[in-house]
Amino acid sequence: GFITYLTRMGMIILIDKDVFNENFRKILNYVPSVVFPSIIFPGVLLDDYGSFVAISDPKIYGALIAIIVGYFSRNVILTIISGLTSYWLLIFTL
């Protein structure tokens with residue numbers, strides 16, 4: 001853990017901010033939004049064996065509710081809370 005911290009922190013500290021031009025910085029602004037779906041969607045759409053889950057899986061409904069709340073509220077915390085709450089309610093009531 002500590003070695004990983006040092007390597008990442010070293011890159012943040014040592015890289016001069018003026019090295020990157022404006023176009024490169026604009027492209028880097030999209031990196032989190034590109035990486036996030038690649039982390040989330042396999043966890044929602046795939047089961048433990050790598051197969052697609054059934055449409056009746058509570059994870060899908062929780063993700064859909066989170067997407068709707070996130071779209072209208074533009075609030076990350078509210079999106080996470082609504083998605084997890086709806087997922088848990090579906091698990092415990094079904």
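Residues numbered from 1 in each chain as written. Predicted model: local features only at pLDDT ≥ 70, side-chain atom pairs only at ≥ 80, totals over all residues. Heavy atoms only, no water.

(A) Broad picture of the packing of helix H3 (residues 31-45) against helix H4 (residues 58-73). Here H3 crosses H4 at 140°, and the two axes come no closer than 8 Å. Looking at the two axes, H3 sits oblique to H4. When H3 is examined against H4, the residues Gly43, Val44 and Leu45 are found in contact with a partner set consisting of Lys59, Ile60 and Ala63. For the contact of H3 with H4, the residue count by class is four nonpolar, one polar and one charged. (Axes fitted to C-alpha atoms, helices over the stretch in contact; angles between N-to-C directions. Helix = DSSP H or I, 4+ residues; strand = E, 2+ residues; numbered from the N terminus. Parallel < 35°, antiparallel > 145°, perpendicular 65-115°, else oblique. Contact = heavy atoms within 4.5 Å. Nonpolar A, V, L, I, M, F, W, Y, C, P; charged D, E, K, R; others polar.)

(B) Highlighting the environment of serine 86. If you trace the backbone, serine 86 turns up in helix H5 (residues 76-93). Residue serine 86 is classed as buried on the basis of its relative accessible area of 11%. Beyond its immediate stretch of four places on either side in the chain, serine 86 contacts Gly62 and Ile65. Side-chain polar atoms of serine 86 contact the backbone oxygen of glycine 83, separated by 2.9 Å. (Buried < 20%, exposed > 50% of the residue type's maximum accessible area, 1.4 Å probe, protein only. Polar contact = N/O pair within 3.5 Å; in protein donor to acceptor, adjacent residues only side chain to side chain.)

(C) Spotlight on the packing of aromatic side chains. If you walk through the whole model with that rule in mind, you get one aromatic pair. Measuring from centroid to centroid gives 5.1 Å for tyrosine 71 and phenylalanine 72, while their planes differ by 80°, and the two rings are edge-to-face. Across this residue pair, the class does not change: tyrosine 71 and phenylalanine 72 are exposed. Sitting above the plane of the tyrosine 71 ring, arginine 74 keeps its charged end 5.2 Å from the centroid. (Phe/Tyr/Trp six-rings, centres within 6.5 Å; stacked < 30°, edge-to-face > 60°. Lys NZ or Arg CZ within 6 Å of the ring centre and 35° of its normal.)

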